[in-house]
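The lines below spell out each chain.
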Amino acid sequence: MSKTSSTERAQPDGLRAMLHLDLITMRAQLWVAALIATFFIVYAGLTRNPSIALPPITVLTMLSAPTVFSIDEKDRLHSLYDSLPISRRTVINARYLEIIGATLFLSVSTALILLLSGELTAWWTPLIIALLVFLACLWFGIQTPAILKFGSQKAIFVYLVIFIFLGTLPITLSRYVRLPDKFLDDAPAFLYRYSTAISASLLVVALVILGASWALSQRIYAKQDH
């Protein structure tokens, strides 16, 4: 009983140690990211144009996971993690907590951009934030297991396949699928009427994707030989 209790108490300490270690190794990158984000947020407020800041902030967020894993591979930190009294499960838990933190950063930054641009009270604001959170979770959900399985360098090919697929999908659909004009005319009214339900659905699906990705990453990382 006491052994189990001491193990349970040790896990949060291991998690905090992992997060603290990542803060140390990512210190320079975090400062650069904060400066870039601040610049674009302020610039969007001055120009009152959120479209200037949202794309770079989104890309900045998407690059966070590959940066962490690239540092792990470059500095051979996986061997260090195995030498510490930290379980492999805790390592993945720390990574996904950081992914959640990056997604929250994207959400807060988007809200600040819309606030400074005078668009925060627009009816489509929850849709925009929910959509960005969904896309971030989808990206991280695919990206993280791919990096763990193939490594950060080889995983680039996985990204290329995804980008090619997503890039050609709209063109293919527009060629073979013809939407009725009434549907296109009614789409804004539909989004306005059901914006809350659509936003909530996107967030729920995002959490499901991230949860499935976490479970897959745990299995992949547990079987690796460092």
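This is a predicted model, so every value here is computed, not measured.

**Brief notes about the overall build of the chain**
Thinking step 1. When helices and strands are counted, the chain shows 10 helices and 0 strands.
Thinking step 2. Listing every helix and strand of the chain by position from the N terminus yields α-α-α-α-α-α-α-α-α-α.
Thinking step 3. Intrachain contacts of the chain at a sequence separation of at least 6 include 82% that bridge at least 24 residues.
Thinking step 4. With an accessible surface of roughly 14,000 Å², the chain has 71% of that area assigned to carbon and sulfur atoms.

**Details of the confidence of the model for the chain**
Thinking step 1. When pLDDT is averaged along the chain, the result is 81, and 86% of the positions lie at 70 or above.
Thinking step 2. Model confidence for the chain, summarised as mean pLDDT per element, is weakest for helix α1 (residues 2–25) at 64 and strongest for helix α10 (residues 195–222) at 93.
Thinking step 3. Below a pLDDT of 50 lies the segment residues 1–12, which in the model reaches 2 contacts outside its immediate sequence neighbourhood of four places, other chains included.

**A word on the environment of Q143**
Thinking step 1. Here Q143 lies in helix α7 (residues 125–150).
Thinking step 2. Q143 sits in the buried class, given a relative accessible area of 1%.
Thinking step 3. A sequence separation of 70 residues divides Q143 from S213, and the C-alpha atoms of the two residues are 9.0 Å apart.

**Concerning the nonpolar core**
Across soluble globular proteins, you tend to see nonpolar side chains buried next to one another.
Thinking step 1. Grouped together as the largest cluster of nonpolar side chains are 42 residues, with contacts concentrated most on I113 and F140.
Thinking step 2. Considering every element that reaches this core, the biggest residue donor is α7, with 11 residues.
Thinking step 3. Here I113 is in contact with I41, A44, P50, A53, L54 and I57, once residues within four sequence places are set aside.

**Notes on the packing of helix α2 (residues 27–47) against helix α6 (residues 88–116)**
Thinking step 1. As a packed pair, α2 and α6 sit with axes 7 Å apart at the nearest point and diverge in direction by 25°. Classified by the angle between their axes, α2 and α6 sit roughly parallel to one another. Seen along the crossing, α2 lies across α6 with a hand that is right-handed. Across the interface between the two elements, A37, I41, A44 and G45 from α2 touch F105, S109, L112, I113 and L116 from α6.

Reading the values: rules and limits
- Residues numbered from 1 in each chain as written.
- Predicted model: local features only at pLDDT ≥ 70, side-chain atom pairs only at ≥ 80, totals over all residues.
- Heavy atoms only, no water.
- Helix = DSSP H or I, 4+ residues; strand = E, 2+ residues; numbered from the N terminus.
- Contact = heavy atoms within 4.5 Å.
- Areas by Shrake-Rupley, 256 points an atom, 1.4 Å probe, with all protein chains shown as cover.
- pLDDT = per-residue confidence, 0-100.
- Buried < 20%, exposed > 50% of the residue type's maximum accessible area, 1.4 Å probe, protein only.
- Core = buried A, V, L, I, M, F, W, Y, C linked by side-chain atoms within 4.5 Å.
- Axes fitted to C-alpha atoms, helices over the stretch in contact; angles between N-to-C directions.
- Parallel < 35°, antiparallel > 145°, perpendicular 65-115°, else oblique.
- Left-handed = near helix turned anticlockwise from the far one by under 90°.

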